[in-house]
Amino acid sequence: MRPDDPFDDPVTARAVIAADGTLVRWNEGARLLLGHSAEEVVGRPAADLLAAGAAPPPPPSGTRWNGTLALRHQNGGTVTVWVLAHRVRREDGGTGDWLAVTPLGSGKSDPAEDPLLRAAMYQSPCATAVFDRDLRLRGVNDAMAALLGLPAHQLRGLRPTELGGRPRYFELERHMSQVLRSGRGHDMQTRARACGAGRTQAWLARIAPLTDDGGRVTGVCVTAHDFTEQYSSRARLQLVNEASIRIGTTLDVTRTAQELAEVCVPALADFVSVDMLEQNDPGADATDPPTLPVALRRVAHRSHDPGGFESIADPDEVIVYPATAPQADSLIAGHSVVASVPSGDLNPWLAADETRARQVRELGVHSILSVPLQARGTTLGVAVFTRFRHPEPFTHDDVLLAEEVTARAAVCIDNARRYSRERETTRTLRRSLLPRGLPRTAAVDSAYRYLPAARSGVGGDWFDVIPLSGMRVAIVVGDVAGHGIQASATMSRLRTAVRTLADIDLAPDELLTHVDDLVLHLAHESAGDGDGGRGEAADGGRGEVGATCLYAVYDPVSRRCTLARAGHPPPVLVPPDGPARVLDLPSGPPLGLGGLPFESVELELSEGTLLAFYTDGLTEGPAGAPETGRPTLTDALSNAASGSLDEACDRVLNTLLGPGSRTEDAALLLTRTRGLPSSQVATWDIPADPALVSPVRKQVLDQLDVWSLTETSFTAELVVSELVTNAIRYGAPPIRLRLICDAATATLICEVSDTSHTAPHLRRAKTWDEGGRGLLLVAQLTQRWGSRHTTEGKTIWAELGPLEQEEP
C-alpha cells in the first residue's frame, strides 16, 4: 500500500491478499462488515472467509476483477457483498498482492436526492464522476461507468486509488487533493485501454472544483475526454521533427541508417532493420528494378529488446529474401507493404525459414511493415518495421508516418552514398596526381607525410621535389582552397604548370609570376561557366580560385637556396648546430590576385640543414590562426636535424595533429641538404678565341682521367668542343666552362656560361648547309640538354650518364 492510501478507515472494507492467497492486511471497515478482527484473519488463507458452499472467485486475469461473493460472518451468518479487486505494487517493487475493496451498502443513487451529484450530472458533457471532500465517489454517469468497466451503483464510497492499482489512479487522487486545496481546476493526461476498446487510448481528465452557494469547495468533478487522435497526431509530428534533427548528422551511410532505426524504436516499432541493395558497380545508380530473389546487405538495425530479433542477421551480412518475404514484395512493388501474423500473410515465408519462424513465435511478432528506401528515382534498399511489444497492428496513419520518416532518411542515405563515392573518386584522382614517391637526388634527402581531411573531403594540398639542371633541385609546396574534385583538379593543373616552368629553369619569383597568371585564367574560366563564356561572374566580378605556393631552388655546388612564396606559410629551418626557427620571407600575395610582384630571398645553407615545408592544415589552430601551431612545429623539429626524416615526420604529426579528426588537409615535406665536394667540380675561364679550344679539350680529358671517366672521354670531348665553340662564336665574354661529376649517380654534367641572353635553339641542317649540326649532335650524344637564364646571361648545359667508371 502507498503512504497516501488511507487503509484504516471504517467507511470501506479493505483487505490485502498476497499472491499465495494469504491475508496480509485487514482494516476496521472489514471488521465492521464481517466481525472478524485483524488478529483472527491476518496470516490465514482468504478462502477461509468464504461462506459454506460458496464458490471461490475465478483466478484474476489482467490487473482487475470484480464480482459478488458470499462471505462468512463471525456469528456464523452469511454476508453477500460486491468485491472489487485489483493488483497493487508491494513495497519491494513487486506486483503480486491484490487489494480487495468491498463497498458498504448497495443500491442505486438517485441524482434527485443529491444536489451535488445532480449539479455535476447537468454540467458534465461527457464521462463524469463526482467526489466529495473526502475524495469518496458520490456517483458516476453511465459514460464513466462504461469507461471504468464497473457497475455504477456499486462504486459509491470508493476513493480513486481503490478503483485500480496503476500509478495513474494515485496521480489522479493527488491532483484532486490539490484542486480541493487550491479551488482551481487541473488537467491531467494519461493513456489507458478503455473497457471493450481494442487499442490503447489517450485520455484527458479535467478536474474541476464544485462549490456551494457560499463559494465553499464541497467536492470535485472529474470528466474524461478521449483525445487519442490529437495525441497520435502530436506524437507523429514529434517523431517527424525528431527524424529531421537526428537523421543525417554525418555523411556516413551506415551511421545514417542506424539513426533511422534509433529514431523509430520504440516510438513507431519494436524492431527496425535497414537493408541495402547489393550493386555490382558501387559507383553507379541502380536504374533497373530488383529481381527475385533479392539480395540485401544488412546495414543497421535496432531492437527494443537487445539480443532478441537482432540475432537473425548480423551487420554487413548479405540476406537473400524470396518473393514471399515482405522485403522483396515491397521492393518489387515499389511501395509499402503491411503483413500481419494473425492474417497468415507471413506463413509462406516463415514456412521456409524455421529460425525466423521460431523467433516470431517466441517474441510474439504480430505485424511487419516494409517500406522501400527511394531517393531521386533510385531504389536504395528497404526499411522494415516490426511490432511485438506494441499491442496494436500498423494503421494507415502508421504507414504514412513510416513513409515520411523513411523518405527523409533515404535522401540522407543517398547524400552520404554520393558523398562517399565522390570522396573515393577524389582520393583515387589525388593518388594518381600526387607523386608516388620523391626522387633521389644528390642535393637533398627528403621525406613526406600527407593526411587528407577526415570530414571535409580531400582538399588541394600538394608538394613536389623536382630535379633541375646542374644537380640543383626545386622544392615546392602549395594549397588550393576548397575540397573535392574541383580542388584536386585545380591542384593538378597548378602542379603540372609548376613542373613545366621549373623544367625551363625559371627563378622562383618569375615562376610564381607565371603561375599567378595561370590562376587568373582559371578564375576567369570558373566565372565563365555560367555566363556563356563571357568570363564574368553573375555578380559582375571575377571567379575565385584561391591558392598559395612556396617555391625554393637549392644548389648543392654553391650550397645556396633561393626561396619565394605566394601567401604560403614560411618554412622552418633547422641548422645542424642551432635551434629551429621560422624563416623570415616576404609573404607575397596569394595566387590569383595579379599585378603584384613576388620577391625572392637567397640563403647560404650548411650541409645537413633541415628545411620543413608544410601547409596550414598542419599548424592551423581551432580559430583558424596558423600562428598557433608554428611554435609547436619548431619545438618538434628542434631535435630532428640529425635523426631520421621519417621519424621526424611521425613525431611532428603526432605532436601537432594527435588522434582527433581534421577539418583540413595536412601536408609535411622535410628535406635535408647535401653539399657537393669541390673535388667533384672543375671550372675554367675560356678566352674568346676559337684557336684556344684545343687546350680546353686537353684540360677536360685530364680532369676526366682524375675522375676515372676516361671511357667517356670521346663523348665528353665532343660535347665540350661544340658548346664552347658555340659560346665563342655566338655568345659574349666572359665565357666559363664547368664540369660536375656525381659519383653516386654516375652522371657527368657539362655547363658553358656566357653573358649573352640569346638562347640557342635546335634546328635540322639541310644537306648543303655547312653548319647547324652542333646542337643536334649534342642532343643525340647526351641524356638531356638545355639552357637556363641567369642574372649575368645564360648557361647551356648537357648531361651525360649514367656512366661506367674505371676501377682505380
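Residues numbered from 1 in each chain as written. Predicted model: local features only at pLDDT ≥ 70, side-chain atom pairs only at ≥ 80, totals over all residues. Heavy atoms only, no water.

So, the overall build of the chain
Just so we agree on the cut-off: Helix numbers and strand numbers start at the N terminus; a helix is a DSSP run of H or I with at least 4 residues, a strand a run of E with at least 2. Only heavy atoms matter for contacts: two residues are in contact if any of them lie within 4.5 Å across the pair. Note on areas: these come from Shrake-Rupley sampling with a 1.4 Å probe, and a residue is covered only by the protein chains present in the view.
In terms of helices and strands, the chain carries 19 helices and 31 strands. When contacts within the chain are restricted to residue pairs at least 6 apart in sequence, those whose partners lie at least 24 apart make up 61%. Carbon together with sulfur atoms contributes 50% to the accessible area of the chain, which is approximately 38,500 Å² in total.

So, the nonpolar core
Spelled out, the test is: Definition of nonpolar core: a set of buried residues of the types Ala, Val, Leu, Ile, Met, Phe, Trp, Tyr and Cys, connected through side-chain atoms within 4.5 Å. Note on classification: 1.4 Å probe, protein chains only; a residue is buried when its accessible area is under 20% of the maximum for its type, exposed when over 50%, partly exposed between these limits.
One finds Trp462, Leu511, Tyr551 and Phe613 to be the most contacted residues of the largest nonpolar core, which totals 48 residues. Looking at which element gives the most residues to this core, the answer is strand 20 (residues 547-555), with seven residues.

Some words on the packing of helix 17 (residues 693-706) against helix 18 (residues 713-730)
Here is the rule we go by: Axis angles are defined between N-to-C directions and span 0 to 180 degrees, where every axis is a line fitted to C-alpha atoms and, for a helix, only to the segment in contact. Should the near helix be turned anticlockwise from the far one by less than a right angle, the crossing is left-handed, and should it be turned clockwise, the crossing is right-handed. All residues other than Ala, Val, Leu, Ile, Met, Phe, Trp, Tyr, Cys, Pro, Asp, Glu, Lys and Arg, Gly among them, are scored as polar; the first ten of these are nonpolar and the last four charged.
Direction vectors running N to C along helix 17 and helix 18 enclose 145°, while the axes themselves pass 10 Å from each other. Remark: the crossing between helix 17 and helix 18 carries right-handed chirality. Contact with helix 17, carried on its side by Val693, Val696, Arg697, Val700, Leu701 and Leu704, involves Ser713, Ala716, Glu717, Val720, Ser721, Val724, Thr725 and Ile728 of helix 18 and no other residues of that element. Its residues assigned to classes, the contact of helix 17 with helix 18 shows nine nonpolar, three polar and two charged.

Examining the side chain of arginine 356
You can see arginine 356 is positioned in helix 10 (residues 354-363). Look at arginine 356 and you get buried, because its relative accessible area is 8%. Leave out the neighbours within four places in its chain, and arginine 356 touches Ile312, Tyr321, Trp349 and Leu350.

Re the environment of threonine 22
Take threonine 22: it is sitting in the loop between strand 1 (13-17) and strand 2 (23-26). On a C-alpha basis, the gap between threonine 22 and alanine 46 in space is 5.7 Å, while along the polypeptide they are 24 residues apart. The residues contacting threonine 22, other than those within four sequence positions of it, are Val16, Ile17, Gly43, Arg44 and Pro45.

Some thoughts on helix 17
Applied cut-off: To estimate how far a helix should reach, multiply one less than its number of residues by 1.5 Å. By arc we mean the arc of the directions from the helix axis to the C-beta atoms, nothing more.
With 14 residues, helix 17 should reach 20 Å at 1.5 Å per residue; the first-to-last C-alpha distance of 20 Å fits that figure. Of the residues making up helix 17, those classed as buried are Val693, Val696, Val700, Gln703 and Leu704. Viewed along the axis of helix 17, the buried residues span an arc of 100°, placing them on a single side of the element. Where the residues of helix 17 are buried, they touch strand 27 (681-686), helix 18, strand 28 (735-742) and strand 29 (747-754). Trailing helix 17 by a residue or two, serine 708 shows a phi angle of about 60°, which is positive.

With respect to the packing of aromatic side chains
Applied cut-off: Two rings from Phe, Tyr or Trp (for Trp, the six-membered ring) form a pair when their centres sit within 6.5 Å of each other. Planes less than 30 degrees apart are called stacked, planes more than 60 degrees apart edge-to-face, and all others tilted.
Within this structure, the stated rule accounts for two aromatic pairs. A ring pair is formed by tyrosine 321 and tryptophan 349, whose centres lie 6.5 Å apart and whose planes are at 55°; its orientation type is tilted. With a gap of 28 residues between them, tyrosine 321 in strand 13 (residues 318-321) and tryptophan 349 in helix 9 (residues 347-352) connect regions that are remote in the sequence. With respect to burial, tyrosine 321 and tryptophan 349 carry one shared label: buried. Pairing tyrosine 448 with phenylalanine 463 gives two aromatic rings, centres 4.9 Å apart and planes at 40°, and the pair type is tilted. Within this pair, whereas tyrosine 448 is found in strand 17 (residues 444-451), its partner phenylalanine 463 is found in strand 18 (residues 459-467), the two being separated by 15 residues in sequence.

Points about the layout of surface pockets
Going by this rule: Note on definitions: the grid is 1 Å and covers protein atoms alone; a cavity is a set of points where a 1.4 Å probe fits but cannot get out; a pocket is an open set with protein on both sides within 12 Å along at least five of seven lines; lining residues have an atom within 4 Å of a point. Grid points are joined across faces, edges and corners, and a volume is the space filled by probe spheres set on the points.
In this model, the largest pocket occupies a volume close to 1,200 Å³. Of all the secondary-structure elements, those providing two or more residues to the lining of the largest pocket are helix 13 (508-527), strand 20, strand 21 (560-566), strand 24 (600-604), strand 28, strand 29, strand 30 (784-789) and strand 31 (794-800). Of all the elements, strand 20 adds the most residues to the lining of the largest pocket, at four residues. When the residues that make up the lining of the largest pocket are grouped by side-chain class, the tally is 12 nonpolar, 10 polar and 15 charged.

A word on the packing of helix 6 (residues 228-246) against helix 7 (residues 253-264)
What counts is decided by this rule: In these notes the angle categories are as follows: under 35 degrees is roughly parallel, over 145 is roughly antiparallel, 65 to 115 is roughly perpendicular, and the rest is oblique.
Viewed as axis vectors pointing N to C, helix 6 and helix 7 meet at an angle of 155°, and their least axial separation amounts to 10 Å. Overall, the two elements helix 6 and helix 7 adopt an arrangement that is roughly antiparallel. In the packing of helix 6 onto helix 7, the handedness of the crossing is right-handed. Contacts between helix 6 and helix 7 involve Leu239, Ala243 and Arg246 from the former and Glu259, Glu262 and Val263 from the latter.

Things to note about the sheet that holds strand 23 (residues 581-582)
Strands belonging to one sheet form pairs held by backbone hydrogen bonds; the direction of such a pair is parallel or antiparallel. We count it as follows: Note: two strands are recorded as paired if DSSP finds a minimum of 2 bridges between them.
Strand order across the open sheet formed by five strands is 17-26-25-22-23, with antiparallel pairing between neighbours. Bordering the open sheet on either side are strand 17 and strand 23, each of which pairs with just one other strand. On top of the sheet, helix 16 (residues 645-656) reaches strand 17, strand 25 (610-614) and strand 26 (666-673); it is set at about 30° to strand 17, its chief contact.

Details of the pairing of strand 21
Among the seven residues of strand 21, six are classified as buried, and the element is accordingly described as predominantly covered. With seven bridges joining them, strand 20 and strand 21 adopt antiparallel strand pairing. Bridging from a neighbouring strand, tyrosine 551 pairs with alanine 564 of strand 21. In this sheet, strand 24 lies alongside strand 21 in antiparallel orientation, the contact comprising five bridges. The residue of strand 24 that forms the bridge with alanine 564 is serine 600.

With respect to helix 15 (residues 630-637)
Of the positions making up helix 15, those classed as buried are Arg630, Leu633, Thr634, Ala636 and Leu637. Projected onto a plane normal to the axis of helix 15, the buried residues spread over an arc of 160° and lie on a single side.

A look at the pairing of strand 1
The buried count for strand 1 comes to four of five residues, which makes it a mostly enclosed element. As judged from the three bridges shared by strand 1 and strand 2, these two strands associate in the antiparallel manner. Its bridge partner being in strand 2, isoleucine 17 is matched across the sheet by leucine 23. The hairpin turn running from strand 1 into strand 2, its antiparallel successor, is five residues long, and glycine 21 in that turn takes a positive phi close to 90°.

Points about the sheet that holds strand 24
Read across the open sheet, the five strands follow the order 18-19-20-21-24; overall the sheet is antiparallel. Every interior strand has two partners, whereas the edge strands, strand 18 and strand 24, have only one. Along the sheet, successive strands turn relative to each other by an average axial angle of 15°, direction set aside. The pairing of strand 19 (residues 473-483) with strand 20 spans eight bridges and is antiparallel. The residue of strand 20 that forms the bridge with valine 477 is leucine 550. Here helix 12 (residues 485-503) sits on the sheet and contacts strand 18, strand 19 and strand 20; the angle it forms with strand 18, its principal contact strand, is near 20°.

A few points about unusual backbone geometry
What you tend to see is this: most non-glycine residues have negative phi, and most peptide bonds are trans. The peptide bond linking valine 265 to proline 266 adopts the cis configuration, its omega dihedral lying at 0°. Inspection of the secondary structure assignment puts proline 266 in the loop between helix 7 and strand 11 (271-277). Residue arginine 376 is not a glycine yet carries a positive backbone phi of 55°. Position of arginine 376 relative to the elements: it lies in the loop between strand 15 (367-375) and strand 16 (378-387).

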